[in-house]
Amino acid sequence: MDMTKLHKIAAIPADGVGTEVVEATKQVLSALQERHPTFELEWHDFDWGTAYYEQHGRMMPEEGLDELRTMDAILFGAVGWPTVPDHITLWGLRLAVCQGLDQWANVRPVTFHPGVPSPIVDAHERELDWVVVRENSEGEYSGFGGRNFAGREGAGEVAVQSAVFTEAGCERIMRFAFDLARTRDRRKVSCVTKSNAQQYGMVLWDDVFARVAADYPDVETEKVLVDAMAAKFVLRPEDLSVVVASNLHADILSDLGSAMAGSLGLASSANLNPERRSPSMFEPVHGSAPDIAGQGVANPVGTFLSAALMLDHLGHPDEAGRLREAVDKALAADVRTRDIGGGATTRDVVEAVTAAL
C-alpha cells in the first residue's frame, strides 16, 4: 500500500533573498522526499510581493486568503524592498496572511549549531537551547490607530498607535507556551512583561498568566520585565526554556537570541493556527536583505529549519529530524555562508545539506 502523504504547499518567495532561499529549500525538500518517500509536496507558487504591488497596487490579490485556505501549509520567503515603504509591504502581505488566517502562535527556536561561532562565551559548552513563543495576532501589532491633523502648520500632525490585549488572546498563547514546556526536558515558562509602566494591557497579560499557570503545577514559572529579560538572554541564557511574550517584545527578543546563536540567517519560525482551521505559515526570521539579493550568497539555513518545522506540523517528525541533522552536519563541516564567518554560497549549502541527507 502506498503510504506517501500528499501535501499542497503554497510557496510565497516575495522579495529580495526570499526568492533564493525558498528555491533552495524546495530543492533540499525534493532531495529529502526522494530519499524518504513518506511524503510528497505539491508546490503552488504565488508571485505576490513588491513586484506584484508595483503592477497591481496591492501586495496580494483580494482573493489571496481564499486561495491560501485551500493549502496545507505555506512556505514564505521575506517581504520588503526599498522602492515601497516597509509598512505597506509588511501589512499588505505577511501581516495580512498572519491575521487573516489567525496564525496566532509564532514559534521561534533559538538553536546553537555546531561549527557556528557565537558571541556568547562558551555557548556550545553550556548546551543553550530555548524557544520564544510570540503572541502573533494582537498586542502592539494590532493595527489600531491613525494619523490626523496633517493640515496644521509646523509639526502639528498627530499619530496614535494602540496596543490591544484581549483576555482570550493572552490565554490561548499562554496555554500554548505551557503545553510546549511540558514537551521539553526543562518544564519552565518565562513570562515577559512591562506591567510596571503599561498598567492596563500588560497587567491584564500578567493576570492571565497567573491564572493559567495555576492549571500547570508541574511547570516552573517566572515573570520578568522585558528590559531585564534582554539582559538575561545575554547573561543567563541557560536559565531559559520557553519564553512567552507579546507581539513586539517577542519579535525583538527572538532576534536577539538568533544573533546570540550566530546570525539571523540561521533563525527559523512557524506562524501557527494550532486549531488547524487554516494553514500555518513557515518562514525564516531574516529580512529580504536588498544589499545581497541576487548575489547567490544568502544563508538558506533559516528557511531549511523553517521547513523542518513545517514537516513537524504536517506529521513527519522523523523527516524533520533528518533535515535538522543534515543541516548540522553541513555546518559542522564548515560549509558556512559569510554571515556566519564562511565563504560558502547558497548553492554550496544546498549541495552540502543534500549530500548530508
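Structure's up top.
Presented here is an overview of the structure given in this document. Just so it is clear, the structure is predicted and the values come from calculations on it, not from any experiment.

**Looking at unusual backbone geometry**
Okay, step 1: In this structure, aspartate 102 takes a positive phi of about 50 degrees despite not being glycine.
Okay, step 2: Locating aspartate 102 in the fold gives a position in the loop between helix 4 (86–100) and strand 4 (105–111).
Okay, step 3: Take aspartate 102: its relative accessible area is 18%, and that puts it in the buried class.

**A look at the nonpolar core**
Okay, step 1: Formed by 64 residues in total, the largest nonpolar core has its most connected members in Val189, Trp205, Val244 and Val353.
Okay, step 2: Ranked by the residues each element gives to this core, the list is headed by helix 9 (residues 301–313), at eight residues.
Okay, step 3: The contact partners of valine 189, leaving out residues within four places of it in the chain, are Ala177, Phe178, Ala181, Phe209, Val219, Glu220, Thr221, Glu222, Val242 and Val244.
Okay, step 4: The next biggest cluster of nonpolar side chains, apart from the first, holds 19 residues, and it includes Phe112, Ile120, Val132 and Met229.

**A word on the sheet that holds strand 9 (residues 220–225)**
Okay, step 1: The 10 strands lie next to each other as 2-1-3-12-11-4-5-10-8-9, forming an open sheet whose pairing is mixed. At either end of the open sheet lies a strand with only one pairing partner, and these are strand 2 (39–45) and strand 9. The mean inter-strand angle of the sheet, taken between neighbouring strand axes irrespective of direction, is 25 degrees.
Okay, step 2: One ladder, built from seven bridges, connects strand 4 with strand 5 (residues 129–135); its direction is antiparallel. Within the sheet, the bridge partner assigned to alanine 105 lies in strand 5 and is glutamate 135.
Okay, step 3: Relative to the sheet, helix 5 (residues 167–181) contacts strand 4, strand 5, strand 8 (188–193), strand 9, strand 10 (242–245) and strand 11 (268–272), its axis offset from that of strand 5 by approximately 165 degrees.
Okay, step 4: The sheet strands contacting helix 7 (residues 226–235) are strand 5, strand 8, strand 9 and strand 10, and the helix crosses strand 9 at an angle near 110 degrees.

**Overview of the pairing of strand 11**
Okay, step 1: Burial runs high along strand 11: five of the five residues are buried.
Okay, step 2: Burial along strand 11 is two-sided: Ser268, Ala270 and Leu272 and Ser269 and Asn271, pointing in opposite directions, are all buried.
Okay, step 3: Judged from the three bridges that link them, strand 4 and strand 11 form a sheet pairing that is antiparallel. Across the sheet, residue asparagine 106 finds its bridge partner in strand 11, namely asparagine 271.
Okay, step 4: Sheet topology places strand 11 next to strand 12 (residues 280–284); four bridges connect them, and they run antiparallel. The partner of alanine 270 across the bridge, within strand 12, is phenylalanine 282.

**Observations regarding the packing of aromatic side chains**
Okay, step 1: Within this structure, the stated rule accounts for seven aromatic pairs.
Okay, step 2: For the pair tryptophan 130 and phenylalanine 233, a centre-to-centre distance of 5.3 Å together with 80 degrees between the ring planes defines the contact as edge-to-face. Here phenylalanine 233 lies in helix 7 and tryptophan 130 lies in strand 5, a separation of 103 residues in the sequence. Phenylalanine 233 carries the same exposure label as tryptophan 130, and that label is buried.
Okay, step 3: Aromatic side chains phenylalanine 165 and tryptophan 205 sit 6.3 Å apart centroid to centroid with 75 degrees between the ring planes, which places their arrangement in the edge-to-face category.

**Describing the pattern of salt bridges**
Okay, step 1: Applying the stated criterion across every chain, the model contains 30 salt bridges.
Okay, step 2: In this structure, arginine 175 engages glutamate 171 in a salt bridge whose closest nitrogen and oxygen atoms are separated by 3.0 Å. Linking arginine 175 with glutamate 171, this pair stays in helix 5, spanning four residues, or about one helical turn.
Okay, step 3: Accessibility expressed as a relative area gives 23% for arginine 175, which makes it partly exposed.
Okay, step 4: Look at glutamate 171 and you get partly exposed, because its relative accessible area is 22%.
Okay, step 5: With a closest N to O distance of 3.0 Å, lysine 188 and aspartate 239 form a salt bridge. With lysine 188 in strand 8 and aspartate 239 in the loop between helix 7 and strand 10, the pair connects residues that are 51 residues apart, well separated along the chain.
Okay, step 6: Judged by its relative accessible area of 2%, lysine 188 is buried.

**Details of helix 6 (residues 201–213)**
Okay, step 1: For helix 6, which comprises 13 residues, the first-to-last C-alpha distance of 18 Å matches the rise-based estimate of 18 Å (1.5 Å per residue) to within 8%.
Okay, step 2: The complete set of buried residues in helix 6 reads Met202, Trp205, Asp206, Val208, Phe209, Val212 and Ala213. Around the axis of helix 6, the buried residues are gathered within 165 degrees of arc, so they sit on the same side.
Okay, step 3: Contacts from the buried residues of helix 6 go to strand 5, helix 5, strand 8, strand 9, strand 10 and helix 8 (247–260).

**Brief notes about the side chain of serine 269**
Okay, step 1: Within the secondary structure, serine 269 sits in strand 11.
Okay, step 2: Within the structure, serine 269 has its side chain in polar contact with the backbone oxygen of glutamate 283 (distance 2.8 Å).
Okay, step 3: The residues contacting serine 269, other than those within four sequence positions of it, are Asn106, Val107, Arg108, Phe282, Glu283, Val285, Ser306 and Leu309.

**Quick look at a nonpolar patch on the surface**
Okay, step 1: On the surface, Phe149, Val158 and Val160 cluster together to form a nonpolar patch covering roughly 230 Å² of accessible area.
Okay, step 2: Looking at the element boundaries, valine 158 is found in strand 7 (residues 158–164).

Reading the values: the criteria
- Residues numbered from 1 in each chain as written.
- Predicted model: local features only at pLDDT ≥ 70, side-chain atom pairs only at ≥ 80, totals over all residues.
- Heavy atoms only, no water.
- Helix = DSSP H or I, 4+ residues; strand = E, 2+ residues; numbered from the N terminus.
- Buried < 20%, exposed > 50% of the residue type's maximum accessible area, 1.4 Å probe, protein only.
- Core = buried A, V, L, I, M, F, W, Y, C linked by side-chain atoms within 4.5 Å.
- Contact = heavy atoms within 4.5 Å.
- Pairing = 2+ DSSP bridges.
- Axes fitted to C-alpha atoms, helices over the stretch in contact; angles between N-to-C directions.
- Phe/Tyr/Trp six-rings, centres within 6.5 Å; stacked < 30°, edge-to-face > 60°.
- Salt bridge = Lys/Arg side-chain N within 4 Å of Asp/Glu carboxyl O.
- Expected span 1.5 Å × (residues − 1).
- Arc of directions from axis to C-beta.
- Polar contact = N/O pair within 3.5 Å; in protein donor to acceptor, adjacent residues only side chain to side chain.
- Patch = residues over 30% accessible without salt bridge, like charges linked within 9 Å, V, L, I, M, F, W, Y side chains within 5 Å.
- Areas by Shrake-Rupley, 256 points an atom, 1.4 Å probe, with all protein chains shown as cover.

Interpretation note: all reported values are geometric properties and have no functional meaning in isolation.
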